[in-house]
Amino acid sequence: MRRRHFAGWLAGALLARPLLAEAQSPAPEPQPPAVAMPRPVDLELVLLVDASASITTGALDFQLRGHAAAFRDDKVRAAIAAGARGGIAVTVARFDGPRSLKVLLPWRRLASAADADAFAEAVLAAPAGQETGSTAIGSAVLDALDLFKGSGFDSPRQTIDIVSNGFSNAGIDPALARDTAEAAHVTVNALVILDEYDWLEGYYRQQVIGGIGAFVRTAEGRDSFIQALIAKLIDEIA
C-alpha cells in the first residue's frame, strides 16, 4: 500500500511541476506597435483655397473645379510622373477666419496619370461648404504648417500653395506667418485672382510668399484661372 501511495504522489508531483513552472514564468512583454516609415516623394504640397465671405459668391466651388481640371492636364500629369522619388503628396484645405482651416482631402500620393485623375474626381466630390467668415491668410499658413507633421511622407521640398482673390483682414500678420514657414524650410506660393483688386500681386509678393523659389502667379479673372493654375503647379512640381 505504501508503495502505491508513494507512486501516486510521485506521479501527481511530476504532472504538477510543468503547470507550476508555467504559472511562475513571466508573461511575455507586449511588443510596441509597428511604426510605418514615411513614404518618399518629390514634393509635399498643401493646396489652400479661399472660402471667406469676402470673395465672390461661388468662388470656392470655382477654385475646386479649377484644381480638378488642372490635375487632368497632360503637362501636370507628366510633371508628377517625372519625379525621382515616386511622385508627390497632396492635400487640399479651405480657410476663412482665424483657426478655421478645414481639410477637404487628406494626404494622398500621386505618381501617375491615373492617380491624378482619381485626385481630380475626389476634389470635385469634396464637401466644400459655403463661403463664410473673414480672410485670415496668416493663420491659414500657420495651420497648414501643422499638416506636414502627420503627412506620412518624406520629401526634400514642402510647399504651401494659396489661391485667393482677397487680402488678409483677420488673424496673425501674413508676413509673420511667412517668416515662420521660412524658418521651417517651407515655401509659400500664391495664385491671385485679380477680379476684385488689381493691386493684389504686389501685396502677396511683399506680405505672403516666402521660402526657396517662392513666387506669385496671377489670373486676370476666371477665364484665365485654370491656365495660370496649371503653370503654377508645373513650376511647383518640377
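Quick summary incoming for the structure in this document. Quick caveat, the model's predicted, so the values are computed rather than measured.

Looking now at the overall build of the protein. Of regular secondary structure, the protein possesses eight helices and eight strands. Considering the protein as a whole, with its 238 residues, one finds that 45% of them fall into the buried category. When contacts within the protein are restricted to residue pairs at least 6 apart in sequence, long-range pairs at least 24 apart make up 79% of them. On the protein, roughly 12200 Å² of surface is accessible, and the fraction owed to carbon and sulfur atoms is 57%.

A separate point is the sheet that holds strand β6 (residues 158-164). A sheet is described by the order of its strands in space; here six strands give the open sequence β4-β3-β2-β6-β7-β8, paired in mixed fashion. In this open sheet, the two edge strands, each paired with only one partner strand, are β4 (102-110) and β8 (216-219). Adjacent strand axes in the sheet meet at a mean angle of 15°, parallel and antiparallel pairs treated alike. Relative to β4, strand β3 (residues 88-95) is paired through six bridges, and the arrangement is antiparallel. Paired with Val 92 across the bridge in β4 is Leu 105.

A word on the layout of surface pockets. What the largest pocket holds in volume is close to 250 Å³. For the largest pocket, the lining is made up of 16 residues, of which Arg 157, Thr 159, Thr 187, Ile 212 and Gly 213 are closest to its centre. For the lining of the largest pocket, the secondary structure elements donating two or more residues are β6, β7 (187-193) and α8 (225-237). Here the residues of the lining of the largest pocket sort into five nonpolar, seven polar and four charged.

With 13 residues, helix α4 (residues 113-125) extends 19 Å from end C-alpha to end C-alpha; this agrees with the ideal 18 Å at 1.5 Å per step. Taken residue by residue, α4 has Ala 116, Phe 119, Ala 120, Ala 122 and Val 123 as its buried positions. Viewed along the axis of α4, the buried residues span an arc of 165°, placing them on a single side of the element. What points out from α4, more than 90 degrees from its buried face, is the exposed set Ala 114 and Ala 125. On the buried face of α4, the contacting elements are β2 (43-50), α2 (59-71), α3 (74-81), β3 and β4.

On to the side chain of Arg 77. Residue position: Arg 77 is located in helix α3. By relative accessible area, Arg 77 is classed as buried at 18%.

Moving residue by residue along a regular strand, the side chains alternate between the two faces of the sheet. In terms of burial, β6 is largely enclosed, as six of its seven residues are buried. Across six bridges, the pairing between β2 and β6 is parallel. Counterpart to Leu 45 in the pairing with β6 is Thr 159. Bridge count for β6 against β7 is six bridges, and the pairing is parallel. Opposite Val 163, over in β7, you have Leu 191 as the bridge partner.

As enumerated under the stated definition, the model contains 14 salt bridges in all. Ionic pairing is found between Arg 94 and Asp 96, a salt bridge with its closest N-O pair at 3.4 Å. A relative accessible area of 7% means that Arg 94 is categorised as buried. Connected via shared salt-bridge partners are Asp 74, Arg 77 and Asp 117.

Reading the values: the criteria
- Per chain, residue numbering runs from 1 following the sequence as it is written.
- Selection of residues for local features in this predicted model requires a pLDDT of at least 70, selection of side-chain atom pairs for listing and counting requires 80 or more, and totals for whole chains, interfaces and linings are taken over all residues.
- With hydrogens and water excluded, all non-hydrogen atoms of the structure serve as input to the side-chain values.
- Working definition: helices are DSSP H or I runs of at least four residues, strands are E runs of at least two. Numbering for both runs from the N terminus.
- Three labels apply to residues, based on accessible area from a 1.4 Å probe with only protein chains included: buried if under 20% of the type maximum, exposed if over 50%, partly exposed otherwise in between.
- Residues count as neighbours in contact if any of their non-hydrogen atoms are within 4.5 Å of one another.
- Method for areas: the Shrake-Rupley scheme with a 1.4 Å probe, in which residue coverage is limited to the protein chains shown.
- At least two bridges found by DSSP between two strands is the condition for calling them paired.
- Orientation is described by axes fitted as lines to C-alpha atoms, over the contacting stretch for helices, and by angles from 0 to 180 degrees between their N-to-C directions.
- Here a cavity means grid points, on a 1 Å grid over the protein atoms only, where a 1.4 Å probe fits yet cannot get out; a pocket means an open set of points with protein on both sides within 12 Å along at least five of seven lines; lining residues are those with an atom within 4 Å of a point.
- Grid points are joined across faces, edges and corners, and a volume is the space filled by probe spheres set on the points.
- Just so you know the grouping, Ala, Val, Leu, Ile, Met, Phe, Trp, Tyr, Cys and Pro go in nonpolar, Asp, Glu, Lys and Arg go in charged, and all remaining residues, Gly too, go in polar.
- Each helix should span, by expectation, one fewer than its residue count multiplied by 1.5 Å.
- The directions from the helix axis to the C-beta atoms are what the arc is built from.
- Only one rule defines a salt bridge in this text: a Lys or Arg side-chain nitrogen within 4 Å of an Asp or Glu carboxyl oxygen.

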